[in-house]
Amino acid sequence: MNATMTLEHRVRDALRPIKDYPKPGIVFQDITPVLRDASLLHDVIAGMAEPFASRGVTLVVGIEARGFILGGAVATRLRAGFVPLRKPGKLPWERVKEEYALEYGTDALECHSDGVGAGSKVLVVDDVLATGGTAKAAGLLARKLGAEVIGWSFLLEISFLKGRERLEGAPCHVVAAV
């Protein structure tokens, strides 16, 4: 590996683009090669956490499913708690829901009603920022429960979809953009 290669370039080189998945016309960016490279994964977690290290984050919320992998590690690095945001019907206790629009229809995120307390300082973490709908819903859900959203942190941004334009009121950080 070239010692001068930036983290962004290392991530982009490790991604595995898969054409026409999950449907024709989509180029899916598979992050599993990033996750299996111990050194790169370590640096990615540091890169996702560092911009928020002095912001007083008390909770990291991770969006199902790859946001769980990254979010838990970012939470540990920031010495914060972790709260999973799940698709409907997967949490066993009292839940709060935030619905959001998809290209065709709607979806939702849920968390336990006591998962994010009033006054919490939340960092939203996910693997990919695409259109921004899911990430925006995560922020709205945290705010609905009384939290302050400190920011959003993503491994990857699909820039041409302009998802960051939907995220308001806090900084958005990405490690790599494609």
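What you are looking at is a predicted structure, and each value in this text was computed from that prediction instead of being measured.

Draft legend 1. Seen up close, the environment of Leu123. By the element assignment, Leu123 lies in strand β7 (residues 121-129). With 41 residues separating them along the chain, Leu123 and Phe82 place their C-alpha atoms 9.6 Å apart. Among all residues touching Leu123, those that are not within four sequence positions of it are Phe52, Val57, Leu59, Val60, Val61, Val74, Leu78, Gly151, Trp152 and Ser153.

Draft legend 2. Fine view of the environment of Ile18. As for its position among the elements, Ile18 is in strand β1 (residues 16-19). As for Ile18 and Met5, which are separated by 13 residues in sequence, their C-alpha atoms are 24 Å apart.

Draft legend 3. Representation of the sheet that holds strand β4 (residues 81-85). Taken in spatial order, the five strands of this open sheet run β4-β3-β7-β8-β9, and their pairing is parallel. Here the strands that pair on one side only, and so sit at the sheet edges, are β4 and β9 (172-177). Across the sheet, the mean angle separating the axes of adjacent strands is 20° when strand polarity is ignored. Relative to β7, strand β3 (residues 59-63) runs parallel, the two being bridged by four bridges. Residue pairing in the sheet places Val60 in a bridge with Leu123 of β7. Taken strand by strand, helix α3 (residues 38-49) contacts β7, β8 (148-157) and β9, and its axis lies near 150° from that of β9. Running over the sheet, helix α5 (residues 133-144) touches β3, β4, β7 and β8 and is turned about 160° from β8.

Draft legend 4. Looking closely at the packing of aromatic side chains. Following the criterion strictly, the structure yields two aromatic pairs and no others. Ring geometry for Tyr21 and Phe28: centres 5.3 Å apart, planes at 80°, overall edge-to-face. Exposure remark for Tyr21: the relative accessible area of 46% places this residue in the partly exposed category. For the ring pair Phe68 and Phe82, a centre distance of 6.3 Å and an interplane angle of 85° mean the geometry is edge-to-face. Taken together, the positions of Phe68 in helix α4 (residues 66-78) and Phe82 in strand β4 put the pair 14 residues apart, joining distant regions of the chain. Given a relative accessible area of 24%, Phe68 falls into the partly exposed group. With a relative accessible area of 31%, Phe82 lands in the partly exposed category.

Draft legend 5. Seen up close, the packing of helix α1 (residues 7-14) against α3. At a minimum axis distance of 11 Å, the contact between α1 and α3 shows a crossing angle of 130°. The angle between the axes of α1 and α3 places the two elements in the oblique class. For the element pair α1 and α3, the recorded crossing hand is left-handed. Along its contact with α1, which presents Leu7, Arg10, Val11 and Ala14, the element α3 presents Ser39, Leu40, Asp43, Val44 and Gly47. Of the residues in the contact of α1 with α3, the class split is five nonpolar, two polar and two charged.

Conventions adopted
Residues numbered from 1 in each chain as written. Predicted model: local features only at pLDDT ≥ 70, side-chain atom pairs only at ≥ 80, totals over all residues. Heavy atoms only, no water. Helix = DSSP H or I, 4+ residues; strand = E, 2+ residues; numbered from the N terminus. Contact = heavy atoms within 4.5 Å. Pairing = 2+ DSSP bridges. Axes fitted to C-alpha atoms, helices over the stretch in contact; angles between N-to-C directions. Phe/Tyr/Trp six-rings, centres within 6.5 Å; stacked < 30°, edge-to-face > 60°. Buried < 20%, exposed > 50% of the residue type's maximum accessible area, 1.4 Å probe, protein only. Parallel < 35°, antiparallel > 145°, perpendicular 65-115°, else oblique. Left-handed = near helix turned anticlockwise from the far one by under 90°. Nonpolar A, V, L, I, M, F, W, Y, C, P; charged D, E, K, R; others polar.

That is the geometry; function is a separate question.
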